[in-house]
Amino acid sequence: MSYEFLQHYWCFIVSLLGALLVFLLFVQGANATIFSLGRTLEERRMLINSTGRKWEFTFTTLVTFGGAFFASFPLFYSTSFGGAYWLWMIILFSFVLQAVSYEFQNKLGNFLGPKTFQCFLVLNGIVGPLLLGGAVATFFEGSNFIIEKNNLIDTTAATPIISRWANASHGLDALLNPWVLVLGVAVMFLARTQGILYIINNVNDETIRTRSRRQLIIASAAFVVLFVVYLVHLLLKDGFAYNDEGVISMEPNKYLHNLIDMWYLLAVLLIGVVLVLFGIAKTILSKDFILGIWPAGIGTVLTVLALLLTSAWNHTAYYPSTADLQSSLTLENSSSSYFTLNTMFWVSLLVPFVLAYIVYCWRKIDSKKIDRAEIAADDHAY
């Protein structure tokens, strides 16, 4: 296995984890609808117990995504997670707040009341997907950082720090870019759309399902419009390319060229979009169809995977710098050593077994749909 193969392989693995994370944001999306879909305390408890059985999958995938990035592309990890720490701290805090809210909303001695923690869940359902979508947008729009590798050997440098943020906002400046916000809001509505599809599938209550289908029309329409707008922008914008010497330059329509050159990614992208639209449309048009989360979820994974690989493969800088073009990160200049990538390759062969375990646990958890009788009878329900 060549070094180049391993770099592209681990880019694929990290992108796949990112795509799975975007799909699992249906937990956040469903939490954002607690008050619009649940009008009574009993209805809200059904919704919360539905997502409460899956939130660990999302949190674990987020941590695994960060860990895989750290091990395979450590310079990205130190630059983004270390430099844009305000952005990532807010994301992580919202997820921690989510975990606390599930456990404490109905505990004895909760002087804040259950509704306070339910509002925290709604907050996580909005902030989490919005900022994660914004973080993904920086792969195409760029971030404000500077790489100075010579600091490691320069004895006159004040600190041996390779990367630093070019301003004091530490990541929050990305939200001033309107295109970052467009994709961030699109991901937020995608999470909401998938959350509603999941509730329709997992909560066996006709009242909630009827409300959900009405909410699905609004959320999915907002997502489709924003996604199409951003996709058109992406295909027409200048991209960050680099040559064999590693010199970064701007290339007109770079991402469009990537999809044309890598036709298989274009095929995956189109299949993913079709599956998402099918899952949404079928659920809206058929009152008896409750399986929309599966085609839409698979479509989401395929679409996000294709877009993330488009941002990195085919001599593309996957984390461009708007402060210093030559500081932009590529697969070649930001990856771990050959030994590290090669060792992790053999460990990654265990991933299918982990996925099989997740599927098994998921099926056991969902062996019975959530309904009013179960919430009333289960003393351990949230």
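Scoring rules and cut-offs
- Residues numbered from 1 in each chain as written.
- Predicted model: local features only at pLDDT ≥ 70, side-chain atom pairs only at ≥ 80, totals over all residues.
- Heavy atoms only, no water.
- 1 Å grid on protein atoms, 1.4 Å probe; cavity = no way out; pocket = protein on both sides within 12 Å on 5 of 7 lines; lining within 4 Å.
- Points joined across faces, edges and corners; volume = space filled by probe spheres on them.
- Helix = DSSP H or I, 4+ residues; strand = E, 2+ residues; numbered from the N terminus.
- Polar contact = N/O pair within 3.5 Å; in protein donor to acceptor, adjacent residues only side chain to side chain.
- Contact = heavy atoms within 4.5 Å.
- Phe/Tyr/Trp six-rings, centres within 6.5 Å; stacked < 30°, edge-to-face > 60°.
- Buried < 20%, exposed > 50% of the residue type's maximum accessible area, 1.4 Å probe, protein only.
- Lys NZ or Arg CZ within 6 Å of the ring centre and 35° of its normal.
- Nonpolar A, V, L, I, M, F, W, Y, C, P; charged D, E, K, R; others polar.
- Pairing = 2+ DSSP bridges.
- Patch = residues over 30% accessible without salt bridge, like charges linked within 9 Å, V, L, I, M, F, W, Y side chains within 5 Å.
- Areas by Shrake-Rupley, 256 points an atom, 1.4 Å probe, with all protein chains shown as cover.
- Salt bridge = Lys/Arg side-chain N within 4 Å of Asp/Glu carboxyl O.
- Expected span 1.5 Å × (residues − 1).

Novice: Mind laying out empty space enclosed by the protein, listing which residues take part and the relevant values?
Specialist: Tallied over the entire structure, the rule returns 1 cavity of 30 Å³ or more. In this structure, the largest cavity encloses a volume near 120 Å³. Taken together, Cys11, Val14, Ser15, Phe65, Phe69, Phe73, Phe139, Leu308, Ser311, Ala312, Tyr318 and Leu331 form the lining of the largest cavity. Only helix H1 (3–24) and helix H5 (55–72) provide two or more residues apiece to the lining of the largest cavity. Looking at which element gives the most residues to the lining of the largest cavity, the answer is H1, with 3 residues.

Novice: Tell me what's going on with the side chain of Ser311, and back it up with residues and numbers.
Specialist: Considering the arrangement of structural elements, one finds Ser311 in the loop between helix H13 (293–310) and helix H14 (331–334). At 2.6 Å, the side chain of Ser311 forms a polar contact with the backbone oxygen of Leu308. With near-sequence residues (within four places) excluded, Ser311 lies in contact with Phe139, Phe140, Tyr255, Thr316, Ala317 and Tyr318.

Novice: Explain the packing of aromatic side chains to me, using residue names and the numbers behind them.
Specialist: Throughout the structure, instances matching the rule amount to 36 aromatic pairs. Taking 4.4 Å as the distance between ring centres and 15 degrees as the angle between the ring planes, the aromatic pair formed by Phe81 and Trp88 counts as stacked. When its relative accessible area of 8% is taken as the criterion, Trp88 is described as buried. Residue placement shows Lys54 over the ring face of Trp362; its charged tip is 4.8 Å from the ring centre.

Novice: I'd love a proper account of the layout of surface pockets, names of residues and values included.
Specialist: In this model, the largest pocket occupies a volume close to 960 Å³. The wall of the largest pocket is formed by 27 residues, among which Leu17, Leu20, Thr61, Leu355 and Ile358 lie closest to the centre. Elements with a contribution of two residues or more to the lining of the largest pocket: H1, H5, H13, helix H15 (338–348) and helix H16 (351–365). In the lining of the largest pocket, the residues fall into 21 nonpolar, 5 polar and 1 charged.

Novice: So what's going on with the pairing of strand S4 (residues 248–251)? Which residues, and what values?
Specialist: When strand S3 (residues 239–242) meets S4, the two strands line up antiparallel, connected through 4 bridges. The residue bridging Phe240 from the neighbouring strand is Met250, located in S4. Joining the antiparallel neighbours S3 and S4 is a turn of 5 residues, in which Gly246 adopts a positive phi near 85 degrees.

Novice: Describe a nonpolar patch on the surface, naming the residues involved and giving the relevant values.
Specialist: A cluster of nonpolar residues, Met1, Tyr3, Phe5, Tyr338, Trp346 and Leu349, forms a patch on the protein surface that exposes about 600 Å² of accessible area. Counting residues per element, the ones that place at least two in the nonpolar patch are H1 and H15. Along the chain, Tyr338 turns up in helix H15.

Novice: Please give an account of the environment of Asp244 that cites residues and values.
Specialist: Secondary-structure assignment places Asp244 in the loop between S3 and S4. With 71 residues separating them in the primary sequence, Asp244 and His315 have C-alpha atoms 8.3 Å apart.

Novice: If you had to explain unusual backbone geometry to someone new, which residues and values would you point to?
Specialist: As a rule of thumb, non-glycine residues mostly have phi less than zero, and peptide bonds are mostly trans rather than cis. In this model, Asn253 sits at a positive phi of 55 degrees, which is unusual for a non-glycine residue. Of note, Asn253 is situated in the loop between S4 and helix H11 (254–261). The class of Asn253 is partly exposed, set by a relative accessible area of 25%.

Novice: Hey, could you go over helix H4 (residues 41–52) for me, with residue numbers and the actual values?
Specialist: With 12 residues, H4 ought to run about 16 Å at 1.5 Å a step, and its terminal C-alpha atoms sit 16 Å apart, in line with that. Counting buried positions along H4 gives 9 out of 12 residues, so the element sits mostly inside the fold. Those residues of H4 lying buried are Glu43, Arg44, Met46, Leu47, Ile48, Asn49, Ser50, Thr51 and Gly52.

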